[in-house]
Structure formats: C-alpha cells, structure tokens
Amino acid sequence: MESLTPAQQELFDWLVEYIDKTQHAPSIRQMMHAMHLRSPAPIQSRLERLRNKGYIDWIEGKARTIRILRPKPKGISILGAITAGTLVELYIDDQTKLDLSEITEQKNYYGLRIVGDSMIEDLITEGDLAIMRSLSRDEYPQDGEIVAAIVQGHGTTLKRFYQNGEKILLKPSNSQYKSMELKTSEVEIQGVLVGVWRAYS
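A quick note: this is a predicted structure, and the numbers were derived from the prediction, not measured.

Asker: Can you walk me through the overall build of the protein chain in this structure?
Answerer: The secondary structure content of the protein chain amounts to 4 helices and 11 strands. Put simply, the protein chain has 201 residues, and 28% of those count as buried. Partitioning the contacts of the protein chain with sequence separation of at least 6, the portion at a separation of at least 24 is 46%.

Structural data, given as structure tokens:
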C-alpha cells in the first residue's frame, strides 16, 4: 500500500480518531476546521488521494459515509533497538506496534502479583505482574512451562512444570530453593505464564 504524504497522514489520523470516537464520519467543514483550512478544495483533494491509495472509501452522492479501510495499528510504537552499552541510532517505524490488546482483551488471561524470589533466574521478581493464561479442561502444560499451581496444604506457587508418570516436579528458578515433587492428585494447574509486566515509577 502506498505511503502517505504528511498532509494526507494528518487528515487520515484525524479521521481514524474522529470516527472511532463518534462512530460516524465528519463533515467537510469539520475537516477544514481540524486541518486549519479555509477552503474545501484541499480537503477534497486529500480525501481523493486517501481513497485512491486504499485508506478510505465512501458512497458517492451521500454525505458522511466515509469508511476507514486501513485502521491505524493499535498499541505502543516500537521505535527501534536500544543497547545497555554503546549508542545505536533511533529508528522510527510507525507501522510497528506493540499491541497489548492481544493480552488485555483475552477472556482467559489474568494477572498474579509476584511475591518472593523463587523465580529470579527467569527474571521474575517480587512486585512483577505475571500474565497467566487459564487452561481448557482437556489441556495440560508442557514440560518446562512456567505455571501457577495450587498445591494441597501449601497454597498457590509459580514454578516450572515437569511431569513423570504420576509425579509432578515444580522447579524454582533460584538455586537457593528446592524443587517440589508431588503426586498429580496433590496439584491443580491454574494457568501457564504468557508474559511478565514490570512497572517503573
């Protein structure tokens, strides 16, 4: 798909935001006001270019029928790479996004706040938020996956999961802690880890 000029991008971004917020298309006069223009001609020209490039469409002869064909990607812009040593050039790519809706909009995803340091060798530390995915009835974790497990008489713990026959091994990622070897009947798997969120104030 063809790229947009700065003027076309400005109008397109405004249209996406306006239609997403109001659920209807704006008038030409509203677009003129938003783009700080006194004549409708530049707006009509930009709209035609956006249509020809496949970003929008509308029904001929009917006002306020603009439809967005290529919504702006959701999420946080990925602006390139950064090292902890030497400097690297900042590369801006508006097409690359970190879309957290893949996590936040999943019904079977939930968060657990980490307490303790038994998983620090997997870079999971106290205060982090573990993003978990609950398992379906016929699903079971794979060996090596990090799981939230309910252990009879002990409560819930986050550990690496391994199974050998009727035995389950819950292994910490900290050499200061011992693994827990349990019967399958003593363990209920709540979910598997899909991500970790760490906030910095």
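Asker: Can you help me understand unusual backbone geometry in this one?
Answerer: Glycine aside, a negative phi is what most residues show, and trans is what most peptide bonds show. Although it is not a glycine, H36 sits at a positive phi angle of roughly 60 degrees. Along the polypeptide, H36 turns up in the loop between helix 2 (28-34) and helix 3 (40-52). Under the relative-accessibility criterion, H36 is labelled exposed at 70%. A positive phi angle, close to 60 degrees, is found at L123, a residue other than glycine. Position of L123 among the secondary structure elements: in the loop between strand 5 (109-113) and strand 6 (129-134). The exposure class assigned to L123 is exposed, which follows from its relative accessible area of 67%.

Asker: Where do I start with the pairing of strand 9 (residues 167-171) in this structure?
Answerer: Within a regular strand, the side chains alternate between the two sheet faces. Burial along strand 9 is one-sided: I168 and L170 are buried, and none of K167, L169 and K171, which face the opposite way, are. Of the pairings in the sheet, the one linking strand 8 (residues 155-164) to strand 9 comprises 5 bridges and is antiparallel in character. Opposite R160, over in strand 9, you have K171 as the bridge partner. From the end of strand 8 to the start of strand 9, which pair antiparallel, there are 2 residues, and G165 there has a positive phi angle of about 65 degrees. Judged from the 4 bridges that link them, strand 9 and strand 10 (residues 180-183) form a sheet pairing that is antiparallel. Looking at the pairing, L169 lines up with E181 of strand 10.

Asker: I would appreciate a short explanation of the layout of surface pockets in the present structure.
Answerer: Remark: the empty space left among the atoms is shown by a probe the size of a water molecule rolled over them. Computed from the structure, the largest pocket encloses a volume of approximately 310 Å³. Around the largest pocket, the lining is made up of 18 residues, and of these V115, S118, T157, L158 and K159 lie nearest the centre. Breaking the lining of the largest pocket down by element, the ones donating at least two residues are strand 5, strand 6 and strand 8. Counting residues per element, the lining of the largest pocket draws most heavily on strand 8, at 4 residues.

Asker: Help me out: how do you make sense of the pattern of salt bridges in this one?
Answerer: Side chains that carry opposite charge are capable of pairing whenever their charged atoms lie near each other. Counted according to the given criterion, the structure contains 6 salt bridges. Where R51 meets E60, a salt bridge forms, and the shortest distance between an N and an O atom there is 2.6 Å. Looking at E60, the relative accessible area reads 56%, which means it is exposed. A salt bridge links R67 to D57; the shortest N-O distance between them is 3.4 Å. Of this pair, R67 sits in strand 2 (residues 67-68) while D57 sits in strand 1 (residues 56-57), placing them 10 residues apart in sequence.

Asker: Sorry, what's going on with the sheet that holds strand 6 here?
Answerer: Two strands in a sheet stick together by hydrogen bonds in their backbones, pointing the same way (parallel) or opposite ways (antiparallel). The antiparallel open sheet is built from 7 strands, whose spatial order is 5-6-11-7-8-9-10. Of all the strands in the sheet, the pair left with one neighbour each is strand 5 and strand 10. Taking the axes of each pair of neighbouring strands and ignoring which way they run, one obtains an average angle of 45 degrees across the sheet. Pairing geometry for strand 7 (residues 146-151) and strand 8, over 6 bridges, is antiparallel. Its bridge partner lying in strand 8, V151 is registered against G155.

The rules behind each value
- Residues numbered from 1 in each chain as written.
- Predicted model: local features only at pLDDT ≥ 70, side-chain atom pairs only at ≥ 80, totals over all residues.
- Heavy atoms only, no water.
- Helix = DSSP H or I, 4+ residues; strand = E, 2+ residues; numbered from the N terminus.
- Buried < 20%, exposed > 50% of the residue type's maximum accessible area, 1.4 Å probe, protein only.
- Contact = heavy atoms within 4.5 Å.
- Pairing = 2+ DSSP bridges.
- 1 Å grid on protein atoms, 1.4 Å probe; cavity = no way out; pocket = protein on both sides within 12 Å on 5 of 7 lines; lining within 4 Å.
- Points joined across faces, edges and corners; volume = space filled by probe spheres on them.
- Salt bridge = Lys/Arg side-chain N within 4 Å of Asp/Glu carboxyl O.
- Axes fitted to C-alpha atoms, helices over the stretch in contact; angles between N-to-C directions.

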